[in-house]
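One-letter residues, chain by chain:
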Amino acid sequence: MSIKQKALNDLFFAFQDFDKWKTYSIAFKLMDEKKVRLIDIKDVAAQVGIDSGVIEMRRRDYVKSK
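In short, a report on the structure. Source: prediction; values computed, not measured.

**Focus: the pattern of salt bridges**
The tally for this structure, following the rule as stated, stands at nine salt bridges. When the shortest N-O distance is used, the salt bridge between Asp 40 and Arg 37 registers 3.1 Å. Among the ionic contacts, a cluster of salt bridges with common partners joins Lys 4, Arg 37 and Asp 40.

Structural data, given as structure tokens:
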């Protein structure tokens, strides 16, 4: 399994077992590490019913809190 595929799997399972800030922390940490892109996060989130606008808002919140 490639590094990218492992990161996408981690991202998928984080959203499957959704816990608001834990999930976003995992997702945005993977993004900061350049293992996934924002579009990847939006795609996975959409699979569990989270709108892309919510992801963008949470990303802004996450960046501000750093």
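**Focus on the environment of Ile 55**
Relative to the helices and strands, Ile 55 resides in helix α4 (residues 52-65). Each C-alpha atom, one on Ile 55 and one on Ile 41, is 7.6 Å from the other, the two residues being 14 residues apart in sequence. In this view, Ile 55 contacts Phe 15, Tyr 24, Phe 28, Leu 38, Ile 41, Lys 42, Ala 45 and Ile 50; residues no more than four positions away in its chain are not counted.

**Remarks on unusual backbone geometry**
For Lys 34, which is not a glycine, the phi torsion comes out positive at approximately 60 degrees. If you trace the backbone, Lys 34 turns up in the loop between α2 (20-32) and α3 (38-47).

**Some points on the packing of helix α1 (residues 3-16) against α2**
Contact geometry for α1 and α2: axes closest at 9 Å, N-to-C directions at 165 degrees. Judged by the angle between their axes, α1 and α2 are roughly antiparallel. When you trace α1 past α2, the crossing you get is left-handed. Between α1, through Ala 7, Asp 10, Leu 11, Ala 14 and Phe 15, and α2, the contact on the second element is made entirely by Thr 23, Tyr 24, Ile 26, Ala 27 and Leu 30. Classifying every residue of the contact of α1 with α2 by side-chain character gives eight nonpolar, one polar and one charged.

Analysis parameters
- In this numbering scheme, every chain counts its residues from 1 along its sequence in written order.
- Whole-chain, interface and lining totals are the exception, using all residues; otherwise, since this is a predicted model, local features are given only for residues with pLDDT of at least 70 and side-chain atom pairs are given and counted only at 80 or more.
- Here the side-chain values reflect all heavy atoms present in the structure, with hydrogen atoms and water set aside.
- Each salt bridge in this description consists of a side-chain nitrogen of Lys or Arg and a carboxyl oxygen of Asp or Glu lying within 4 Å of one another.
- The helix and strand labels rest on DSSP assignments: H or I over at least four residues marks a helix, E over at least two residues marks a strand, and numbering proceeds from the N terminus.
- Note on definitions: a residue-residue contact is assigned when non-hydrogen atoms from the two residues lie within 4.5 Å.
- In this description, a line fitted to the C-alpha atoms serves as the axis of each element, helices being fitted only across the stretch in contact, and the angle between N-to-C directions of two axes falls anywhere from 0 to 180 degrees.
- Here is the rule for angles: anything less than 35 degrees is roughly parallel, anything more than 145 is roughly antiparallel, 65 through 115 is roughly perpendicular, and the remaining ranges are oblique.
- A clockwise turn of the near helix away from the far one marks a right-handed crossing, whereas an anticlockwise turn of less than a right angle marks a left-handed crossing.
- Basically, the charged four are Asp, Glu, Lys and Arg, the nonpolar ten are Ala, Val, Leu, Ile, Met, Phe, Trp, Tyr, Cys and Pro, and anything else, Gly included, counts as polar.

Read these as geometric descriptors, not functional statements.
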